[in-house]
Amino acid sequence: MEKDLRTFIAKYDSVVEPLQKESNLAYWTASISGKAEDWKKSEDLNIKLTGIYSNKEDFAILKKIKESDAVKDTLLNRELEVLYNSYLGNQVDTAKLNAVIKMQTTIEQKFSNFRADVGGKKITDNDVEDILKKSTNSTELQQAWEGHKAIGPVVAGDIINLVKKRNEIAKELGFNNYHEMSLKLSEQDPAEISSLFDELDNLTRDSFKSLKTEIDDYLAKRDNVKKEDLMPWHYQNRYFQEAPSMYNVDLDKYYKGQNIEKLATDYYSSIGFDVAGMMAKSDLYEKPGKNQHAYCIDIDNLGDVRVLCNIKPNASWMGTMLHEFGHANYDKYIDEKLPFCLRNPAHTFTTEAIAMFFGRMSSNAQFLVDMKLTDTADAHKVAGESFKVLRLEQLVFSRFVQVMYRFEKGMYENPDQDLNKLWWDLVEKYQMIKRPAGRNQPDWATKIHIASYPCYYHNYQLGELLASQLNHYIAANVLKSDDFRQSYFGKPEVGAYLRKNIFMPGERWKWNEMIEKATGEKLTPKYYSEQFVK
Ligand SMILES: [Zn+2]
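The following refers to the structure shown.

## Section: the coordination of the zinc ion
Right, on to step 1. His323 (NE2), His327 (NE2) and Glu352 (OE) make up the full set of protein donors to the zinc ion, lying at 2.1 Å.
Right, on to step 2. Binding-site remark: the zinc ion is held by donors from one chain whose sequence spacing is H-x3-H-x24-E. Note that His327 is positioned in helix H14 (residues 315-332) and Glu352 in helix H15 (residues 348-359), a separation of 25 residues in sequence. The same class applies to His327 as to Glu352, namely buried.

Structure follows, in structure tokens:
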């Protein structure tokens, strides 16, 4: 069996390694040029790649080997496990798979074409967010919020059908529902994730409640309404997933006129990460037709790692550059001697954690001093306020993820229940905002992730938990310090620790095994809570 598996893997590598590289390069090119023919090439290669994983004969070979339980070599067994999961998710009747893609596209088109009608004017999501952030007029706020929520009834029926179709696929593959399948195929045990979220709920509830009182005091005064009359549209965001801007801190002034690219290069080099080569291959500034966001891509799983950004000299782009090059370093330092199929981060949320760990530095007062963006006296003043902003952002977001995780789980377990009620029950419980009296609308359906990026949102929160766990471990055990707000500038031992314990192992071990080996504990919300809750 081991011999059969080695033969299978050799063949797999010879096909997938070059094809994946070609596909990554095509995506990279398309996202910079924006040309239709480049996007077409990228899409074609993507379909070709997916086609490999839906091959029935290949899956049958893997299944036979797996069920024989005859592979004793641990590295080989790990390869088998990873490959098996990659194939299993695609072993569905192609007609069903295509139906799902079609349904998803239809929903996405409805989202793209939708504009909120506010007072007879059609406005974009950005306009809605702008009104919610800036206006202090309750009528206008309500109109913008309700205008945006009008997409709900347009897509809700489609989404429920899509959810049922996804469940059909999951059942065909032997799972109870699609939520369970998504988690298990990415090596997450739903019971384990739920218990992490319960623990996080217990740790954050009281602090969030008192922070919420502070938020309500601020918003009631700002919008001139009674506290008990505050409604969802007063929270400065369509979902209350971002922090209201109630503290006075301007981080942008430190980055004005600065060379963000050089700051990121110097910072990483001071902790022992050489990013110059990756910087040179990256595409960091605005161009016509280019993707307006940011991402990091590992082209060949052998060190050709690139970042796409659209740098402006402000705090947000400093954070984004540190974030994306966090991903880049992870990819770059994965052990090249590992077999091809294990040369990936342990999980998408573990690479997200590294990106968040470094991205948080852009608002870190010590970072501002170390990068010579301000002096110690000013940093001292800014430290308290900027930390309060970070804490508010973290707690507000974490309560929203509670809603998302529990809603998706409940929806896939029973898509025929009263989903409108489920959503608002969760919003009231976890975000502690009131549902508008008598409201019975599919407000859950307005969050595009539910249709387009299913059962993934909780990973953002897991990333934050791990970022805090690593921050604690590194300060306490690598630097033997009790200062948990360090920038780590000029500390190559931090880079060395991350490289050896987090990056090098790639997908060699399951994510929780890797975390336990690296920090002595499995993933826990304890340090997130120590950092942001207490
Ligand atoms: Zn990221």
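## Overview of the packing of aromatic side chains
Right, on to step 1. Within this structure, the stated rule accounts for 37 aromatic pairs.
Right, on to step 2. Centre to centre, the rings of Tyr235 and Phe240 are 4.8 Å apart; their planes meet at 50 degrees, and the pair counts as tilted.
Right, on to step 3. Between Phe387 and Phe532, the ring centres sit 6.1 Å apart and the planes meet at 15 degrees, which makes this aromatic pair stacked. Of the two residues, Phe387 is situated in helix H17 (residues 376-413) and Phe532 in helix H23 (residues 526-532); the sequence distance between them amounts to 145 residues. Of the two residues, Phe387 and Phe532, both sit in the buried class.
Right, on to step 4. These aromatic residues form a ring-pair network of at least three members: Tyr267, Tyr268, Phe273, Tyr330, Tyr333, Phe357, Phe358, Phe367, Tyr488 and Phe503.
Right, on to step 5. The ring of Phe387 carries the charged tip of Arg485 above its face, separated from the ring centre by 3.8 Å.
Right, on to step 6. Here the guanidinium or amino end of Arg499 rests over the ring plane of Tyr333, the centre of that ring lying 5.1 Å away.

## Observations regarding the pairing of strand S4 (residues 305-308)
Right, on to step 1. Side chains Val305 and Val307 project from S4 onto one buried face, and the interleaved Arg306 and Leu308 project onto a second face that is buried too.
Right, on to step 2. Linking strand S3 (residues 295-298) back to S4 in an antiparallel pair, the connection comprises six residues, with Asn301 at a positive phi of about 55 degrees.

## Describing the environment of Glu180
Right, on to step 1. Tracing the sequence through the fold places Glu180 in helix H9 (residues 178-185).
Right, on to step 2. Judged by relative accessible area, which is 15%, Glu180 ranks as buried.
Right, on to step 3. Measuring from C-alpha to C-alpha, the distance between Glu180 and Glu413 comes to 8.8 Å, with 233 residues separating the pair along the chain.
Right, on to step 4. Ignoring anything within four residues of it in the chain, the contact list for Glu180 reads Phe175 and Pro190.

## Digging into the pattern of salt bridges
Right, on to step 1. For the structure shown, the criterion picks out 39 salt bridges.
Right, on to step 2. The closest approach of N and O atoms between Lys510 and Glu81, which form a salt bridge, is 3.4 Å. Separated by 429 residues along the polypeptide, Lys510 in the loop between helix H21 (492-503) and helix H22 (511-519) and Glu81 in helix H4 (residues 74-88) bring together distant segments of the chain.
Right, on to step 3. In this structure, the salt-bridge partner of Arg238 is Asp125, at a minimum N-O distance of 3.4 Å. You can see Arg238 sitting in the loop between helix H10 (190-223) and helix H11 (252-255) and its partner Asp125 sitting in helix H6 (residues 125-134), a full 113 residues away along the chain.
Right, on to step 4. In this structure Asp125 comes out as partly exposed when scored by relative accessible area, which is 36%.
Right, on to step 5. Each of the salt bridges in this network shares a partner with another, and the network as a whole consists of Asp125, Glu129, Lys133, Arg238 and Glu242.

## Concerning the nonpolar core
Right, on to step 1. With 166 residues, the main nonpolar core has Tyr255, Tyr267, Phe325, Phe358, Trp423, Tyr488 and Leu498 as its most contacted residues.
Right, on to step 2. The element best represented in this core is H17, accounting for 16 residues.
Right, on to step 3. Every residue in contact with Phe325, bar those within four places of it in the chain, is listed here: Tyr268, Val275, Met278, Met279, Ser282, Leu284 and Val307.

What counts, and where the lines are drawn
Residues numbered from 1 in each chain as written. Predicted model: local features only at pLDDT ≥ 70, side-chain atom pairs only at ≥ 80, totals over all residues. Heavy atoms only, no water. Donors = N, O, S within 2.8 Å, 3.2 Å for Na, K, Ca; no water. Helix = DSSP H or I, 4+ residues; strand = E, 2+ residues; numbered from the N terminus. Buried < 20%, exposed > 50% of the residue type's maximum accessible area, 1.4 Å probe, protein only. Phe/Tyr/Trp six-rings, centres within 6.5 Å; stacked < 30°, edge-to-face > 60°. Lys NZ or Arg CZ within 6 Å of the ring centre and 35° of its normal. Pairing = 2+ DSSP bridges. Contact = heavy atoms within 4.5 Å. Salt bridge = Lys/Arg side-chain N within 4 Å of Asp/Glu carboxyl O. Core = buried A, V, L, I, M, F, W, Y, C linked by side-chain atoms within 4.5 Å.

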